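Fold and geometry: a report
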Amino acid sequence: MTTLHNTAGAPPAAPSRSLWALGWQRLKRDRIGFVSLWVVVAFMLLAAAGWLNLAGRGWNDEIAASYAPPTLLLEQFRQQETPPAAGGPSTAIVPTERLKPSEDPIHDWLEAARPHAAQYAVPEVKKVASLTFGADQRGRDILDKVIKGTATSLLVGFFGALLSILIGTSLGAMAGYFGRKVDDFLMWFYSVFTSVPDMLLLLAFAAVAGRGIATVILVLSLTSWTGTFRLVRAEFIKNRSREYVQAADAIGASHSRRMFIHILPNVSHLLLVQFSLLMVGLIKYEVILSFLGFGVDVRQVSWGSMLAEVPEELLQGYWWQLAMVVLFMSTLVTAFSMLTDALRDALDPRAAVK
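About the cut-offs
- Throughout this document, residue positions are counted from 1 along each chain, in the order its sequence is written.
- With the structure being a predicted model, the display of local features is reserved for residues of pLDDT at least 70 and the display and counting of side-chain atom pairs for 80 or more, all residues being used for whole-chain, interface and lining totals.
- Excluding hydrogens and water, the side-chain values take into account all heavy atoms of the structure.
- UniProt positions are given in the numbering used here, feature names are shortened, and annotations may be inferred rather than shown by experiment.
- Going along the chain from the N terminus, every DSSP run of H or I of four or more residues is numbered as a helix, and every run of E of two or more is numbered as a strand.
- In this scheme, a residue with accessible area under 20% of its type's maximum is buried, one over 50% is exposed, and one in between is partly exposed, where area comes from a 1.4 Å probe on protein chains only.
- In what follows, a contact means two residues having at least one pair of non-hydrogen atoms within 4.5 Å.
- Candidate patch residues must exceed 30% relative accessible area and have no salt bridge, after which like charges are joined if within 9 Å and Val, Leu, Ile, Met, Phe, Trp or Tyr side chains if within 5 Å.
- Here, Shrake-Rupley sampling with a 1.4 Å probe gives the accessible areas, and only protein chains in the shown set may cover a residue.
- In what follows, salt bridge is the name for a side-chain nitrogen of Lys or Arg lying within 4 Å of a carboxyl oxygen of Asp or Glu.
- Only buried Ala, Val, Leu, Ile, Met, Phe, Trp, Tyr and Cys residues count toward a nonpolar core, and they belong to the same one when joined by side-chain atoms within 4.5 Å.

Going by the annotation in an unreviewed UniProt entry, the name recorded for the chain is ABC transporter permease, with Chromobacterium fluminis given as the source organism. In its Subcellular location (unreviewed entry) section, the UniProt entry covering the chain states "Cell membrane".

Looking only at helices and strands, the chain features 14 helices and 0 strands. Along the chain direction, N to C, the helices and strands of the chain fall in the order α-α-α-α-α-α-α-α-α-α-α-α-α-α. Evaluated residue by residue, the chain yields a buried proportion of 38% over its 354 residues. The long-range share in the chain, meaning contacts at least 24 apart out of those at least 6 apart in sequence, stands at 81%.

Take a nonpolar patch on the surface next. On the surface, Phe158, Phe159, Leu162, Leu163, Leu166 and Leu218 cluster together to form a nonpolar patch covering roughly 490 Å² of accessible area. Per element, the largest residue contribution to the nonpolar patch is 5 residues, and it comes from helix H5 (residues 142-178). Residue placement: leucine 163 occurs in helix H5.

With that settled, the discussion passes to the UniProt feature "transmembrane region" (unreviewed entry) in the chain. Residues given the UniProt feature "transmembrane region" (unreviewed entry) here are residues 32-52, 154-178, 185-207, 213-232, 263-283 and 318-340. Overall, residues 318-340 shows 91% helix and 0% strand. The separation of its end C-alpha atoms is 35 Å.

Inspection of the secondary structure puts isoleucine 142 in helix H5. Once the C-alpha coordinates of isoleucine 142 and glutamine 321 are considered, the two residues, 179 residues apart in sequence, prove to be 6.3 Å apart. When near neighbours in sequence (up to four residues on either side) are disregarded, isoleucine 142 contacts Phe133, Gly134, Ala135, Asp136, Met306, Trp320, Gln321 and Met324.

Another point: the environment of valine 219. Within the secondary structure layout, valine 219 lies in helix H8 (residues 213-222). Take valine 219: its relative accessible area is 4%, and that puts it in the buried class. Residues in contact with valine 219, not counting those within four places in the same chain, are Leu202, Phe205, Ala206 and Ala209.

This part is about the pattern of salt bridges. Between side chains of opposite charge, a pair can form when the charged atoms approach closely. Applying the stated criterion across every chain, the model contains 11 salt bridges. The salt bridge partner of aspartate 341 is arginine 344, with a shortest N-O separation of 3.0 Å. Of this pair, aspartate 341 and arginine 344 both sit in helix H14 (residues 320-346), 3 residues apart, which is roughly one turn of that helix. Each of Asp136, Arg140, Lys145 and Glu309 takes part in one network of salt bridges that share partners.

Before going further, it helps to spend a moment on the side chain of asparagine 239. With respect to the helices and strands, asparagine 239 occurs in helix H9 (residues 226-239). Accessibility expressed as a relative area gives 4% for asparagine 239, which makes it buried. With residues near it in sequence (within four places) discarded, asparagine 239 still touches Tyr244, Val245, Ile263 and Val267.

Tracing the sequence through the fold places serine 164 in helix H5. When neighbours within four sequence positions are excluded, serine 164 is seen to be in contact with Ser221, Ser224, Trp225 and Leu278.

Looking now at H8. With 7 of 10 residues buried, H8 lies mostly within the body of the structure. Here the buried face of H8 lies against helix H2 (31-51), H5, helix H7 (198-209) and helix H11 (255-292).

On to the nonpolar core. Val146, Leu154, Leu220, Met279, Trp303, Leu332 and Phe336 are the most contacted members of the largest nonpolar core, which totals 54 residues. Elements supplying a minimum of two residues to this core: H2, H5, H7, H8, H11, helix H12 (303-308) and H14. It is H14 that provides the largest number of residues to this core, a total of 13 residues. Setting aside its immediate chain neighbours within four residues, phenylalanine 336 contacts Val40, Met44, Leu154, Ser276, Met279 and Val280. Listed in part, the 10 residues of the second largest apolar core include Ala173, Val245, Met259 and Leu264.

The next subject is the environment of arginine 233. Mapped onto the fold, arginine 233 is located in helix H9. For arginine 233 and glycine 168, which are 65 residues apart along the polypeptide, the C-alpha to C-alpha distance reads 9.0 Å. Once you skip the residues sitting within four places of it in the chain, arginine 233 turns out to touch Gly172, Ala175, Gly176, Asp183 and Met187.

Below is the structure:
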């Protein structure tokens with residue numbers, strides 16, 4: 001005679017949680033990683049505001065004096081500009097004696113053109129002596145420039161990393177899943193790209209393609225897919241013989257369905273970490289390209305184009321543009337690096353749930 005146990009008072013079984021839900025719980029317990037996530041989100045929102053012209057829209061307006069210092073340093077710079085001592089050599093420019101009208105060969109032409117030129121006179125704009133974070137050589141607000149530069153650099157990093165992930169994932173999935181001749185051909189193609197130094201290949205593509213944001217995104221994605229290819233290929237080789245893939249094969253699932261519906265979701269957490277790593281690397285590469293003159297167009301601004309103006313400014317003692325770019329760039333790159341480490345730990349399926 002069997003005895004039935006009363007399970008009415010037993011607590012219900014805890015629902016199983018997905019890898020993403022468990023990863024989110026681990027990430028929230030990681031204080032450094034969670035703070036880094038919000039720092040990255042803040043930079044993303046700032047970049048979106050820059051592209052929608054909600055912030056930094058006047059980055060190209062010459063509203064201040066040349067190399068206007070930050071407001072807090074205005075008095076210090078005024079004290080440095082002391083007049084020459086009495087009796088000392090004067091640095092003032094002494095105007096030369098003007099020619100008499102009878103001796104000036106173009107005097108009559110100038111007098112005849114003066115009434116016509118008056119109608120095109122541009123009112124002189126009064127420029128301020130200082131800005132909150134200073135101005136560059138042309139009197140443009142450095143804060144507006146660095147906000148617009150953040151938008152440009154993040155756009156290049158985001159879409160460049162996204163396109164690179166798509167290329168590397170597609171090729172790596174085919175190489176790892178099909179193997180044999182497909183794998184041999186794609187590994188040869190991969191070896192061709194990795195045999196040339198990254199920076200040399202990057203500069204070669206950039207020199208041929210020209211300048212512009214779209215060109216930089218394309219160039220960076222075409223030269224940075226190799227790491228994703230190697231990672232995805234190894235994961236597909238490991239997963240193609242698993243039981244769940246064999247079960248999908250038994251019920252008649254196509255190759256593309258087995259690759260992208262069954263195997264790919266099981267390696268997606270690795271792609272997220274790879275995307276974060278690529279984004280940081282591509283932002284650095286964009287800065288290098290723009291600094292060397294192969295990056296964004298002259299009508300646009302990025303962190304690299306701002307750094308290209310720094311050497312001349314430092315020789316004259318104007319350091320505030322360098323300070324702003326270094327502050328923004330180091331904060332974003334550090335936050336991205338810490339977030340990547342936190343994501344790698346949080347999304348590791350082998351990590352024990354605490």
